[in-house]
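Here's the letter readout for the chains.
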Amino acid sequence: MNNGFKSCHPTVNILFYASVVVFSMLIKHPVCIAISLFSSFACYLRLKGIAAVKTFFFFLLPMLVFVTAVNGLFAHYGVTPLAVLPDGNSLTFESIVYGFVLAVSVISVILWMFCYNEVVTAEKFMHVFGKRIPAVALVIAMSLRFIPMYKEQFRIIAQAQQGIGFDYKTGNLIQRIKNTGKILSMLLTWALENAIETADSMRARGYGLKGRKTYSRFRYTVQDKFIIAFILIVDAVLTVAIVYGSLFAQYNPYIKINPEAQTEIFIEEFNLVLFPFTAFGCVAIAVYTLLSFLPLIIDLKEELKWQKLKSKI
Amino acid sequence: MAEIKIENLIFSYPLSEKKVLDNVTLSIASGEFVLLCGRSGCGKTTLLRQIKSEISPKGTKKGKVYVDGEDADKMTLRNSSQKIGFVMQNPDNQIVTDKVWHELAFGLENLGLDNEKIRLRVAEMASYFGISLWFEKNVNELSGGQKQLMNLASVMAMHPEVLILDEPTSQLDPISAENFLSTVDKINKELGVTVIITEHRLEEIFPCVDRVIAMEEGKIIADGTPAQIGNRFESLPEFLRLSAPTAMRIFNEVKSDGACPVTVREGRAWLKNQKIFTATDRIKDVVPENEVVLEAKEISFRYSKNSHDVLNNLSFRACKGELLAILGANGSGKSTLVKLLSAIARPYSGKIMINSKNLEKYKFTELYKNVSVLPQNVQALFTSKTVKSELAEVSTKDSDVKEIMKLLGLERLSESHPYDLSGGEQQRLALAKVLLKGTQIIIMDEPTKGMDAEFKSVLADIISKLKSEGRTIIIISHDIEFCAKYADRCAMLFDKTITSVTDRRSFFNENRFYTTAANRMSRGIIEGAITDEDVAICLKEN
């Protein structure tokens, strides 16, 4: 798919993923953690379709259980024992809850990274970071060109050698290492020989002139600028909220959520101290939700626009 | 646009007395389309590179080169890189970046143009060269023909006034090559860019150019329009006579007079007025039906479970002592077939029998005592530092090595590094290495790719010697002319299977487009002639 969030300016993409990853790691407030998980999964589902569900059930869910279990079994902080383990330590309510919170936040971060991989191509990355240092940008572009080429040549050499009866796959380990080494040395000769021509081709097209620029295919649209402003504002609000403790959550030694508020609810059974949300806390959660679902909102907007155009036709 | 003047140019490489360019004086008018031809090592490339100083080789040089009145040696890099475009032989080695769009922009980035200007030029090039469809692709996903077209476009993006092409189509299949050349022709005719090109395959390029210049040993030995060259055939060196267009060769073979035809169309017009003495039914060759040494029985293959079949129920036989040519277009599965026949990949159904024994049942070493493969990319065979040690790796018998070196004319080169050899010499070395294995079946994957006419006749001689020893040669090729001339039987690989295996005459006579120039030229006038010799025989009084 080539519209919506994916086709936004690379700065938008990278700024967005940097923000959500950082805040998923920093904010441990249960509501925010839940938002992180749902939004990151929803975005990944949108990008990968049914494959995302597979990843979730076969990779992320087991991980969630594992991290929670490990934390519960090996960390023994907290004041609310639920049971006594065979080694004499107690299994506490706090360590299980924190293990779960930790696992969910790790999973969200992983999901965001997966999304990042889908959306931010090498080209987009280069646009954002390569402009300042064109030499490095070119080296990266050239590596991306040459690595697949060398891989292909390795295959060609190996097959050509097999075709005249030299094999690198069979024989004992030492023989195989030796043969692979031989192919690598051939590859090196080949690469160096051919690099001379590449250098000529670069020179023939004026490489080495002063004032080389890096071309980029991306342009800022008004929407891009608007989105960047939005993300920056949300980042500021969330930073303030974190600094002032509006999204505070503590899991050790006992669980304490939103301590900034005046009144408190205490659930004695679990040593759980809950405070109602402050007004600013609510605002922070609201903007965090908006930020996390931003890619989906943009995609949806785009889709609606199409629907509208279609119905006009 | 620009004119080029070369005055008394003498050039020799460092530590060498030999004059690679020997007093070359040449003047090329603005907008002219010039073909420079000569056998490999005659100084063509050296001459071309003298025009573009930033890539000219180091050595001793006398004389001057002027581009638009400006001394080429004193041109600034900015000026030279902008004014003179240069496209080289190997499509892969010229590519610098990973994306097609980036490659198009590379030269413009170097010139320091701003983003909007680059965008405009890149867009313009992409549409002029028909690249728009694969504009966003990675370069390693492209075919050879597409790569070379992209290289041309990325050079043209800099708006050069002179375009120099050094054997640009030698690594391409015939269809991509034709497409590439017609694009070059279009650039010359529509934009008035001065074009200088070197080529081996003269059939397609001859009709396009204004002027043909032939070189030998650093000297210019012929210079004129294609038709003029055709009328002075006798005075030309053999390499040029061998590689000239078919119409021209037949015309001169029968020593006709009048204007020499260059294209197939002109050839037909000329042929209609000729007297035909012999009917072709007198020229018939017998294909011996020997014992079958290799047989593919309904083999099917695909690369992965979910992909489509590359080959489907393909069957054929190869007999003892014959040259079987398997022809087919790009992507028809020819290379895959080579892999299957040499046990690099396995068919998922069907059998391959070698000497009536299933290929699967052979042990590794045993199999490669029966079959060996000359790969398309011959550099992939070279492991050693010298030609001699390269061959010693295959056979420890000194006498065998010597004999094979003699057969392939490598004695002079025995101490050279394989990579220092020319393309044709590398091909010969690779062939020597494969032949030294002494296998009964030899498979050659595109053995004539990028080779000149002289090499082809050398190869044909070697093949006929191998045949007389009772060995079987299977060549996989695009080269219609070569197969028509030398193959015993031909097979067409199309739609994942081999449709028919017939002797070369019936094979090419049945085709209308996919056939030799001689056949296209003589169709309806002389029936059944497929090579220029056939046509010439029919035209001669005996």
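A. Representation of the overall build of chain B in the model. Summing up its helical and strand segments, chain B has 21 helices and 20 strands in all. Relative to its length of 542 residues, chain B is compact, with a C-alpha radius of gyration of 25 Å against a globular reference of 24 Å. For chain B, the spread of C-alpha atoms along the principal axes amounts to about 70 × 60 × 50 Å. Relative to its 542 residues, chain B shows a buried fraction of 58%. Within chain B, residue pairs in contact and separated by at least 24 positions form 66% of the contacts whose partners lie at least 6 positions apart. Total accessible area on chain B is roughly 22,300 Å²; 48% of this is exposed by carbon and sulfur atoms. Considering chain B, the positive charge centre built from 71 side chains and the negative charge centre built from 74 side chains are found 3 Å apart.

B. Examining the overall build of chain A more closely. A count of helical and extended segments in chain A gives 10 helices and six strands. The globule rule puts the C-alpha radius of gyration for 313 residues at 20 Å, and the 27 Å found for chain A is more than 25% above it. Counting over 313 residues, chain A shows a buried share of 42%. Expressed as a percentage of contacts within chain A between residues at least 6 apart in sequence, the contacts between residues at least 24 apart total 70%. When the accessible surface of chain A is split by element, carbon and sulfur atoms take 70% of a total near 16,600 Å². Each charge sign in chain A was given a centre, from 29 positive and 18 negative side chains, and these centres are 14 Å apart.

C. Representation of the interface of chain B and chain A. The interface is formed by 64 residues belonging to chain B together with 50 residues belonging to chain A. Taken together, both faces of the contact between chain B and chain A bury some 5,100 Å²; the carbon and sulfur share is 56%. If you look at where chain B meets chain A, you find seven salt bridges. Residue Arg217(A) is joined to Glu136(B) by a salt bridge in which the shortest nitrogen-to-oxygen separation is 3.1 Å. The interface formed by chain B and chain A holds 28 residue pairs in polar contact (both at pLDDT 80 or more) in total.

D. Broad picture of the nonpolar core. All names here are of chain B. Ranked by internal contacts, the top residues of the largest apolar core, which has 75 residues, are Leu152, Leu163, Leu165 and Phe180. Other than its neighbours up to four places away in sequence, Phe180 contacts Val87, Gln148, Leu149, Leu152, Leu165, Pro168, Thr169 and Leu172. In terms of nonpolar packing, the next biggest core, distinct from the first, is built from 64 residues, Val96, Val401, Ile462 and Ala484 among them.

E. Quick peek at the packing of helix 10 (residues 246-253) of chain B against helix 21 (residues 532-539) of chain B. All names here are of chain B. Here helix 10 crosses helix 21 at 30°, and the two axes come no closer than 9 Å. Classed by the angle they form, the pair helix 10 and helix 21 counts as roughly parallel. For the element pair helix 10 and helix 21, the recorded crossing hand is right-handed. On the side of helix 10, the interface is formed by Thr246, Arg249, Ile250 and Glu253, while helix 21 contributes Asp532, Val535, Ala536 and Leu539. Residues that form the contact of helix 10 with helix 21 fall into these classes: four nonpolar, one polar and three charged.

F. Molecular detail of the pattern of salt bridges. On inspection of all chains with the given rule, the structure shows 42 salt bridges over all chains. Linked by salt bridges that have partners in common, Lys182(A), Glu390(B), Glu393(B) and Lys433(B) make up one network.

G. Examining the sheet that holds strand 19 (residues 489-494) of chain B more closely. Residues and elements named next belong to chain B. In spatial order, the strands read 16-17-18-13-19-20; together these six strands make up an open sheet with mixed pairing. Edge strands, defined here as strands with exactly one partner in the open sheet, are strand 16 (371-374) and strand 20 (497-503). This sheet shows a mean twist of 20° between the axes of neighbouring strands, independent of strand direction. Note: strand 16 against strand 17 (residues 441-445), four bridges, orientation parallel. Counted as the bridge partner of Ser372 is Ile442 from strand 17. With respect to the sheet, helix 17 (residues 453-468) is in contact with strand 13 (323-328), strand 17 and strand 18 (472-477), its orientation differing from that of strand 18 by roughly 145°.

H. Focus on the side chain of Ser216(A). Here Ser216(A) shows up in the loop between helix 7 (173-204) and helix 8 (222-243). Reaching out from Ser216(A), the side chain makes a polar contact with the backbone nitrogen of Phe218(A) at a distance of 3.2 Å. Ignoring anything within four residues of it in the chain, the contact list for Ser216(A) reads His127(A), Asn115(B) and Arg119(B).

I. A look at the sheet that holds strand 9 (residues 211-216) of chain B. All names here are of chain B. One open sheet holds the six strands; their spatial order is 6-7-8-3-9-10, and the pairing between them is mixed. Edge positions in the sheet fall to strand 6 (84-87) and strand 10 (219-224), since each has one partner strand and no second. Shown here is a sheet whose adjacent strand axes are inclined to one another by a mean of 15°, direction ignored. The strands touched by helix 6 (residues 174-191) within the sheet are strand 3 (33-37), strand 6, strand 7 (162-166) and strand 8 (194-198), with strand 3 carrying the most contacts at an inclination of about 135°.

J. Spotlight on the side chain of Arg471(B). Residues and elements named next belong to chain B. Along the chain, the position of Arg471 falls in the loop between helix 17 and strand 18. Residue Arg471 is classed as buried on the basis of its relative accessible area of 15%. At a separation of 3.1 Å, a polar atom in the side chain of Arg471 contacts the main-chain carbonyl oxygen of Thr439. Every residue in contact with Arg471, bar those within four places of it in the chain, is listed here: Gly321, Glu322, Leu435, Gly438, Thr439, Gln440, Ile442 and Leu466.

K. Looking closely at the confidence of the model for chain A. Averaged over every residue, the pLDDT of chain A is 88; the share at 70 or more is 98%. No element of chain A has a lower mean pLDDT than strand 6 (residues 272-274) of chain A, which averages 78, and none a higher one than helix 8 of chain A, which averages 95.

L. Expanded view of the environment of Ile27(A). Residue and element names in this part refer to chain A. Tracing the backbone through its elements, the reader meets Ile27 in the loop between helix 1 (10-26) and helix 2 (30-48). Of the residues examined, Ile27 reaches a relative accessible area of 3% and is grouped as buried. Taking the C-alpha atoms as reference, Ile27 lies 7.9 Å from Phe248; in sequence the two are 221 residues apart. Each residue touching Ile27, except ones within four places of it in the same chain, is listed here: Cys32, Ile33, Leu238, Ile242, Leu247 and Tyr288.

M. Expanded view of helix 3 (residues 50-74) of chain A. Residues and elements named next belong to chain A. Here helix 3 spans 35 Å end to end across 25 residues, near enough to the 36 Å set by a 1.5 Å rise per residue. Residue Phe56 marks the point of greatest curvature in helix 3, where the axis turns by about 40°. Among the structural elements, helix 2, strand 2 (90-92) and helix 4 (93-119) are those in contact with the buried residues of helix 3.

N. Geometry of a nonpolar patch on the surface. Side chains of Val240(A), Val243(A), Tyr244(A), Phe280(A) and Val283(A) sit close together on the surface and give an oily, nonpolar patch of about 480 Å² of accessible area. When contributions to the nonpolar patch are tallied by element, the ones reaching two or more residues are helix 8 and helix 9 (279-292) of chain A.

O. Region of interest: helix 3 (residues 100-111) of chain B. The buried count for helix 3 of chain B comes to 12 of 12 residues, which makes it a mostly enclosed element. Residues of helix 3 of chain B that are buried: Val100(B), Trp101(B), His102(B), Glu103(B), Leu104(B), Ala105(B), Phe106(B), Gly107(B), Leu108(B), Glu109(B), Asn110(B) and Leu111(B). Where helix 3 of chain B is buried, its residues contact helix 5 (122-129), helix 6 (134-163) and helix 7 of chain A together with helix 2 (77-83), helix 4 (115-128) and helix 5 (144-156) of chain B. Two residues or fewer past helix 3 of chain B, Gly112(B) is found with a positive phi of approximately 75°.

P. Representation of the environment of Lys496(B). All names here are of chain B. Along the chain, Lys496 falls in the loop between strand 19 and strand 20. In this structure the C-alpha to C-alpha distance between Lys496 and Gly333, which are 163 residues apart in sequence, comes to 6.7 Å. Among residues more than four places away in sequence, those in contact with Lys496 are Asp309, Val310, Leu311, Asn312 and Leu314.

About the criteria used
Within each chain, residue numbers correspond to sequence positions counted from 1 in written order. Lettering for chains starts from A, numbering for ligands starts from 1, and both go in the order in which the items are written. Local features are withheld for residues below a pLDDT of 70 in this predicted model, meaning they are given only at 70 or higher, and side-chain atom pairs are given and counted only at 80 or more; totals for whole chains, interfaces and linings count all residues. Computation of side-chain values: all heavy atoms of the structure, hydrogens and water removed. The numbering of helices and of strands both runs from the N terminus, where a helix is a DSSP run of H or I of at least 4 residues and a strand a run of E of at least 2. Based on C-alpha atoms, the radius of gyration is set beside the globule rule, defined as 2.2 Å times the residue count to the power 0.38. Relative accessibility thresholds used throughout: buried, under 20% of the residue-type maximum; exposed, over 50%; partly exposed, between the two (1.4 Å probe, protein chains only). Residues count as neighbours in contact if any of their non-hydrogen atoms are within 4.5 Å of one another. Only the protein chains shown count as cover for residues, with accessible areas throughout obtained via the Shrake-Rupley method and a probe of 1.4 Å. Charge assignment in this entry is limited to Lys and Arg as positive and Asp and Glu as negative, and neither His nor the chain termini are counted. A charge is said to be at NZ when it belongs to Lys, at CZ for Arg, at CG for Asp and at CD for Glu. Summed over both partners, the accessible area lost on bringing two parts together, with a 1.4 Å probe, is the buried area. The term salt bridge refers to a side-chain nitrogen of Lys or Arg lying within 4 Å of a carboxyl oxygen of Asp or Glu. Polar contacts, as counted here, are pairs of nitrogen or oxygen atoms within 3.5 Å of one another; within protein the pair requires one atom able to donate a hydrogen and one able to accept it, and residues that are adjacent in sequence qualify only if both atoms are side-chain atoms. Among buried residues, those of type Ala, Val, Leu, Ile, Met, Phe, Trp, Tyr and Cys that are joined through side-chain atoms within 4.5 Å constitute a nonpolar core. In this analysis, axes come from line fits to C-alpha atoms, helices being fitted only over the stretch in contact, and the angle between any two N-to-C directions falls in the range 0 to 180 degrees. An angle below 35 degrees is read as roughly parallel, one above 145 as roughly antiparallel, one from 65 to 115 as roughly perpendicular, and any other as oblique. Put simply, a crossing is left-handed when the front helix is turned counterclockwise from the back one by less than a right angle, and right-handed when it is turned clockwise. Throughout, the ten residues Ala, Val, Leu, Ile, Met, Phe, Trp, Tyr, Cys and Pro are labelled nonpolar, Asp, Glu, Lys and Arg are labelled charged, and all others, Gly among them, are labelled polar. Here, strands pair whenever DSSP counts at least two bridges between them. As a per-residue measure, pLDDT reflects the predictor's confidence and takes values from 0 up to 100. Helix span, as expected, comes to 1.5 Å for every residue beyond the first. Working definition for bend: take the seven residues up to and ending at a residue and the seven starting at it, fit an axis to each, and measure the angle between the axes. A patch consists of residues exposed above 30% relative accessible area that lack any salt bridge, with like charges linked at up to 9 Å and nonpolar side chains (Val, Leu, Ile, Met, Phe, Trp, Tyr) linked at up to 5 Å.

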